[in-house]
Amino acid sequence: MVFFSLATITAFLAADAAHAEFRVCNGTQNLVGAAIGYRAKDGWVTEGWWQVPANTCATLIEGELTSRYYYLYAEDAARGGRWSGNVNMCLAENEFKITGVQDCYARGFQRMGFKEYDTGRQGSWMVQLSDTPSSQESQN
């Protein structure tokens, strides 16, 4: 299995509040599926799947970000590689919105490691997915 790295870019911070969002940009040559996790008023939520074609971006959360931490999991649809982390959350094979991160298997879901992003409470955040080996990972 091929593993990838993530480079985080906060290119458009508070410059234009009308465009506040959490975006994922796919810098690879393959279609990528992305899922996001975050803390909501009623607890933890995971949502997916966004299809992000090669060399394009997708908005996973529209509007001003309300949490400091967001969690991302993504898979390369063609090669099966993944962008993951060590924060376990629930996801499903098809489109989903799941409340809670406990007992994923018992509730009929899969459990995967999501990567944590500390946005520092900025209104916008962007994650750039690339083919760069994990040893080359950089975050800004």
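Please refer to the structure placed before this passage.
If you're wondering where the values come from, they're calculated on a predicted model, not measured in any experiment.

A. Molecular detail of the overall build of the chain. In terms of helices and strands, the chain carries zero helices and twelve strands. Helices and strands appear in the chain in the N-to-C order β-β-β-β-β-β-β-β-β-β-β-β. When burial is assessed residue by residue, the chain has 43% of its 140 residues classed as buried. Expressed as a percentage of contacts within the chain between residues at least 6 apart in sequence, the contacts between residues at least 24 apart total 72%. Within the structure as shown, the chain displays about 7,500 Å² of accessible surface, and the carbon and sulfur contribution to it stands at 45%.

B. Expanded view of the state of the cysteines. Scanning the model with the defined rule gives two disulfides in all. Linked covalently through their sulfurs, Cys-25 and Cys-57 form a disulfide whose S-S length is 1.9 Å. Across the disulfide from Cys-25 to Cys-57, rotation about the S-S bond amounts to roughly 105°, and the bridge is consequently right-handed. Here the residue Cys-25 occupies a position in strand β2 (residues 21-26), and Cys-57 occupies one in strand β5 (residues 56-62), the gap between them amounting to 32 residues. Among the residues examined, Cys-25 registers a relative accessible area of 4% and is labelled buried. A relative accessible area of 35% means that Cys-57 is categorised as partly exposed. The side chain of Cys-90 participates in a disulfide bridge whose partner is Cys-104; the two sulfur atoms lie 2.0 Å from each other. Negative torsions about the S-S bond denote left-handed disulfides, and the value of about -85° found for Cys-90 with Cys-104 makes this one left-handed. Placement of Cys-90 in strand β8 (residues 87-91) and of Cys-104 in the loop between β9 (96-99) and β10 (110-118) is noted, with a sequence separation of 14 residues between them.

C. A look at the packing of aromatic side chains. By the definition in use, this model includes six aromatic pairs. By way of ring pairs, the aromatic residues Trp-49, Tyr-73, Phe-96 and Phe-114 are connected into one cluster. Between the NZ or CZ atom of Lys-115 and the centre of the ring of Tyr-117, over which it lies, the distance is 5.8 Å.

D. Main features of unusual backbone geometry. Residue Trp-49 is bonded to the preceding Gly-48 through a cis peptide linkage, with omega at -5°. Tracing the chain through its elements places Trp-49 in strand β4 (residues 43-52). One non-glycine residue, Asp-103, lies in the positive phi region at around 50°. Looking at the secondary structure, you find Asp-103 in the loop between β9 and β10. Located in the positive-phi region is Arg-121, a residue other than glycine, with phi close to 65°. Judged by its relative accessible area of 57%, Arg-121 is exposed.

The rules behind these values
- Note on numbering: residues in each chain are counted from 1, in written sequence order.
- Since the coordinates come from a predicted model, pLDDT governs what is reported: local features require at least 70, and pairs of side-chain atoms require 80 or more to be given and counted, while whole-chain, interface and lining totals use all residues.
- Only hydrogens and water are removed before side-chain values are computed, so all heavy atoms of the structure are retained for them.
- Secondary structure is summarised from DSSP: a helix means a run of H or I of at least four residues, a strand means a run of E of at least two, and numbering begins at the N terminus for each.
- Burial classes follow relative accessibility: with a 1.4 Å probe on protein chains only, a residue under 20% of its type's maximum area counts as buried, one over 50% as exposed, and anything between as partly exposed.
- Residue contacts are counted whenever heavy atoms from the two residues lie within 4.5 Å of one another.
- Computed with the Shrake-Rupley method and a 1.4 Å probe, the accessible areas treat only the protein chains shown as cover for residues.
- Note that a disulfide, as used here, is simply two cysteine sulfur atoms within 2.5 Å.
- What counts as a ring pair is set by centres within 6.5 Å for rings of Phe, Tyr and Trp (its six-membered ring), and what kind of pair is set by the plane angle: stacked under 30 degrees, edge-to-face over 60, tilted for all other angles.
- Two conditions define a charge located above a ring, namely a distance within 6 Å from the ring centre to NZ of Lys or CZ of Arg, and an angle within 35 degrees of the ring normal.

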